[in-house]
Amino acid sequence: QMTLVTLGLGIAAALLAAAGDRIALAWGGFLFMMASIVDGCDGEIAKLTYTQTKRGEWLDTICDNLSYVFFIAGLSYGVLLREAGLPHFAQLAVLSGIALYGLLAALGIMYFYLLRYTESGSLVTVYKDVGDDLKAEAPWALKAIAKLRFTVKRDFFAVLFMVLCFADRPVWILALTAVATNAIWAAVLIGRRQFGFARAVLKD
């Protein structure tokens, strides 16, 4: 139930971000942050009541990720709605597409990793495994990405997104999402030891 409340807050945040209005955007950022806070409750409730299950773990992960996709999609719609008819509309449309592509690609590859290589339903497993490999043997550029893992944790970017929504900077959110998510899927794809994971993805 708490997981579904989190998803509901994420959907509400996305709808507000899609309005194309500055005040609605600020409220959307606030609800996105609230969803992040509430997201920390479902796992604690499960631990305290001894009701942890693999299904609950996957439900938590899927609902969290849906809220990310909905929010970025809603934000993209809101930006394009606000900027319709302006000279840089096409560039913003491309930026929105890159951000959504990067997010979906990153999530898709991480889900593939979870299903094929782990018994877990939590993306934290992917962050840890790939981060350890990147720090151990990757080129310097990918090692730098590994050191920035904290930026893709919800408790960090939810605060950042809220601040940018309050400042009426939705395009900055799209730009950061485009860069971060495409860096994530590239790092996960080639970051496994001896690049075995990349070969498995390409083979499948």
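Novice: Mind showing me how you'd approach the overall build of the protein here?
Specialist: Looking only at helices and strands, the protein has 9 helices and 0 strands in total. Reading the helices (α) and strands (β) of the protein from amino to carboxyl end gives α-α-α-α-α-α-α-α-α. Residue burial in the protein is summarised as follows: out of 204 residues, 45% are buried. Counting only contacts in the protein whose residues sit at least 6 apart along the sequence, the fraction spanning at least 24 positions is 73%. Summed over its atoms, the accessible surface of the protein is roughly 11,000 Å², and 69% of this surface lies on carbon and sulfur atoms.

Novice: Would you take a moment to explain unusual backbone geometry for this structure?
Specialist: Trans is the prevailing form of peptide bonds, just as negative phi is the prevailing case for residues other than glycine. Residue Asp168 is not a glycine yet carries a positive backbone phi of 60°. By the secondary structure assignment, Asp168 is in the loop between helix H7 (154–166) and helix H8 (170–190).

Novice: Help me understand helix H1 (residues 2–17), please; the structure alone is not making it clear to me.
Specialist: Helical geometry note: an α-helix holds 3.6 residues per turn, so side chains three or four residues apart project in the same direction. Here H1 spans 23 Å end to end across 16 residues, near enough to the 22 Å set by a 1.5 Å rise per residue. Along its buried surface, H1 packs onto helix H2 (22–48), helix H3 (54–83) and H7.

Novice: Would you mind showing me how to read the pattern of salt bridges here?
Specialist: A side chain of one charge can pair with a side chain of the opposite charge if their charged atoms are brought near each other. As enumerated under the stated definition, the model contains 2 salt bridges in all. Among the ionic pairs, Lys47 bridges to Glu44, the shortest N-O distance being 3.9 Å. With Lys47 and Glu44 both in helix H2 and 3 residues apart, this pair spans about one turn of that helix. According to the relative accessible area criterion, Lys47 is partly exposed, its value standing at 46%.

Novice: I keep staring at the packing of aromatic side chains and nothing clicks. Help me out?
Specialist: How two aromatic rings sit relative to each other is set out by the distance from centre to centre and by the angle between their planes. Counting across every chain of the model gives 9 aromatic pairs. An angle of 50° between the planes, with centres 5.5 Å apart, marks the rings of Phe157 and Phe161 as tilted. Pair noted here: Phe157 and Phe161 are both in helix H7, with a separation of 4 residues, about one helical turn. On the basis of relative accessibility, which here comes to 12%, the residue Phe157 falls in the buried class. In textbook terms, an aromatic cluster arises when at least three aromatic residues are bridged by ring pairs, as seen for Phe32, Tyr68, Phe71, Phe157 and Phe161. Over the ring of Trp172 we find Arg169, and its NZ or CZ is 5.6 Å from the ring centre.

Novice: Sorry, what's going on with the side chain of Asn65 here?
Specialist: Considering the arrangement of structural elements, one finds Asn65 in helix H3. According to the relative accessible area criterion, Asn65 is buried, its value standing at 5%. Not counting residues within four places of it along the chain, the set of residues in contact with Asn65 comprises Leu107, Tyr111 and Leu123.

Novice: How should I be thinking about H2 in this particular structure?
Specialist: Here H2 is 27 residues long and its end C-alpha atoms lie 40 Å apart, about the 39 Å a rise of 1.5 Å per residue gives. Between the side-chain oxygen of the N-cap and the backbone nitrogen of Ile23 there are 3.0 Å, and the N-cap of H2 in question is Asp21. Just downstream of H2 lies Tyr50, where phi reads positive at about 55°.

Novice: Just checking my understanding: could you explain a nonpolar patch on the surface for this structure?
Specialist: Taken together, the side chains of Ile11, Leu15, Ile62, Leu66 and Phe70 define a hydrophobic patch exposed on the protein surface, amounting to about 410 Å² of accessible area. Only H1 and H3 provide two or more residues apiece to the nonpolar patch. The element that contributes the greatest number of residues to the nonpolar patch is H3, accounting for 3 residues. Within the secondary structure, Ile11 sits in helix H1.

Novice: Got a minute to help me understand the environment of Ala26 in this structure?
Specialist: Among the secondary structure elements, Ala26 is positioned in helix H2. Other than its neighbours up to four places away in sequence, Ala26 contacts Cys165 and Phe166.

Novice: Sorry if this is basic, but what is going on with the side chain of Glu83 here?
Specialist: In this fold, Glu83 is placed in helix H3. The buried charged residue Glu83 lacks any salt bridge partner; its closest oppositely charged side chain belongs to Arg82, at an N-O distance of 4.9 Å. Not counting residues within four places of it along the chain, the set of residues in contact with Glu83 comprises His88, Phe89 and Leu92.

The rules behind these values
- Residues numbered from 1 in each chain as written.
- Predicted model: local features only at pLDDT ≥ 70, side-chain atom pairs only at ≥ 80, totals over all residues.
- Heavy atoms only, no water.
- Helix = DSSP H or I, 4+ residues; strand = E, 2+ residues; numbered from the N terminus.
- Buried < 20%, exposed > 50% of the residue type's maximum accessible area, 1.4 Å probe, protein only.
- Contact = heavy atoms within 4.5 Å.
- Areas by Shrake-Rupley, 256 points an atom, 1.4 Å probe, with all protein chains shown as cover.
- Expected span 1.5 Å × (residues − 1).
- Salt bridge = Lys/Arg side-chain N within 4 Å of Asp/Glu carboxyl O.
- Phe/Tyr/Trp six-rings, centres within 6.5 Å; stacked < 30°, edge-to-face > 60°.
- Lys NZ or Arg CZ within 6 Å of the ring centre and 35° of its normal.
- Polar contact = N/O pair within 3.5 Å; in protein donor to acceptor, adjacent residues only side chain to side chain.
- Patch = residues over 30% accessible without salt bridge, like charges linked within 9 Å, V, L, I, M, F, W, Y side chains within 5 Å.
- Lys, Arg positive; Asp, Glu negative; His and termini not counted.

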